[in-house]
Amino acid sequence: SELGLNKQITSELDYAKTRNQGIIFIVGPTGSGKSTTIYSALSSLNAIKKNIISFEDPVEMRQLYWSQGQRNVVKDNEDMNFDYLQSKKSILRQDPDIILMGEVRDEDSARFAIEAANTGHLVFTTLHANSAAAAFERIKKLGVIPLELASATLCVLSQRLVKEVCSHCKKTENITDEQIATLSRLEYKGEIPKKVIETNKNGCLYCNYRGYVGRSTLAEIIPINYKIKETIVNERPDYEIREMASINGFKTILEDGVEKMNQGLVSLEDI
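Attention in this report is confined to the structure presented alongside it.

Criteria and thresholds
Residues numbered from 1 in each chain as written. Predicted model: local features only at pLDDT ≥ 70, side-chain atom pairs only at ≥ 80, totals over all residues. Heavy atoms only, no water. Buried < 20%, exposed > 50% of the residue type's maximum accessible area, 1.4 Å probe, protein only. Helix = DSSP H or I, 4+ residues; strand = E, 2+ residues; numbered from the N terminus. Pairing = 2+ DSSP bridges. Axes fitted to C-alpha atoms, helices over the stretch in contact; angles between N-to-C directions. Contact = heavy atoms within 4.5 Å. Parallel < 35°, antiparallel > 145°, perpendicular 65-115°, else oblique. Nonpolar A, V, L, I, M, F, W, Y, C, P; charged D, E, K, R; others polar.

Now for the pairing of strand 9 (residues 212–223). Counting buried positions over the twelve residues of strand 9 gives nine, a clear majority of the element. Pairing between strand 6 (residues 153–165) and strand 9: ten bridges, direction antiparallel. From the neighbouring strand, S158 faces strand 9, where its bridge partner is E220.

Dropping the structure here:
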């Protein structure tokens, strides 16, 4: 919650991380804070009672109670390789409870994650995708069968980083017709706010004349229930998955952003 994730997301993650098997995907572009979120979720688990093993490229944060392995590919000497094939054998032999995979980026890593989840392990991993709903199409392109993907996935979290406005010099203004039209084009389904927060470009002494202090996270999560599993297996497009999740009451990144703006944390322009 200190990273800026809302109550809906933290409660879903708290539930997912207590499960015995399945995959938790955290998706977003480069530099959107995926690794920080994944380490934060795993750091809240008891690593003395749970056997946590990571396989990363490279190891981003050293952890005292985990076994951490780093991918190593040597072109000239295959005997020195420590890739997904070798690591899978090594990791599964040690009977881990939880596996952290740095990133699903190709067919080998996708196959490793799915196999580990379907053989009784909880897998945390990241993926480059534009939204939580678009993640399923991305994984299918890496050669994963939709039925396996639907049965293995617990939830998909998508996130972005956004600057927090300075609480001392932020400006509150009436919403303009242009801003209403933009929200409409972005398919915002919530109540249109009458007032919007904007950053003060000149800033103040408190924020060192920048207009911003710190950063927060905008995020959305899709927990996998039987209806969404059915949508994945039938290979329906991402907008149908998003619609199905919104019927269940889950907020999009845009809705999360507007909620944070109403709390006075971020500006509409940055959202």
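Next, the rest of the story.
Moving on: the sheet that holds strand 1 (residues 22–27). Neighbouring strands of a sheet are bound in pairs by backbone hydrogen bonds; such pairs are parallel or else antiparallel. Spatial ordering of the open sheet is given by 3-2-4-5-1-6-9, a layout of seven strands whose pairing is mixed. The sheet is open, and its two edges are formed by strand 3 (67–70) and strand 9, each paired on a single side. Each strand axis lies, on average, 20 degrees off the axis of its neighbour in the sheet, ignoring direction. Sheet analysis places strand 2 (residues 52–56) next to strand 4 (residues 98–101), joined by four bridges and oriented parallel. Within strand 4, the residue paired with S54 across the bridge is L100. Contacts between helix 10 (residues 253–262) and the sheet are confined to strand 6 and strand 9, with strand 9 contributing the most and set at about 140 degrees to the helix.

Let's shift gears to the packing of helix 8 (residues 226–233) against helix 9 (residues 238–247). Closest axis-to-axis distance for the helix 8/helix 9 pair is 10 Å, and the angle between their directions is 175 degrees. The angle between the axes of helix 8 and helix 9 places the two elements in the roughly antiparallel class. On helix 9, the residues that touch K227, I228, T231 and I232 of helix 8 are E240, I241, M244 and A245. Grouping the constituent residues of the contact of helix 8 with helix 9 by class yields five nonpolar, one polar and two charged.

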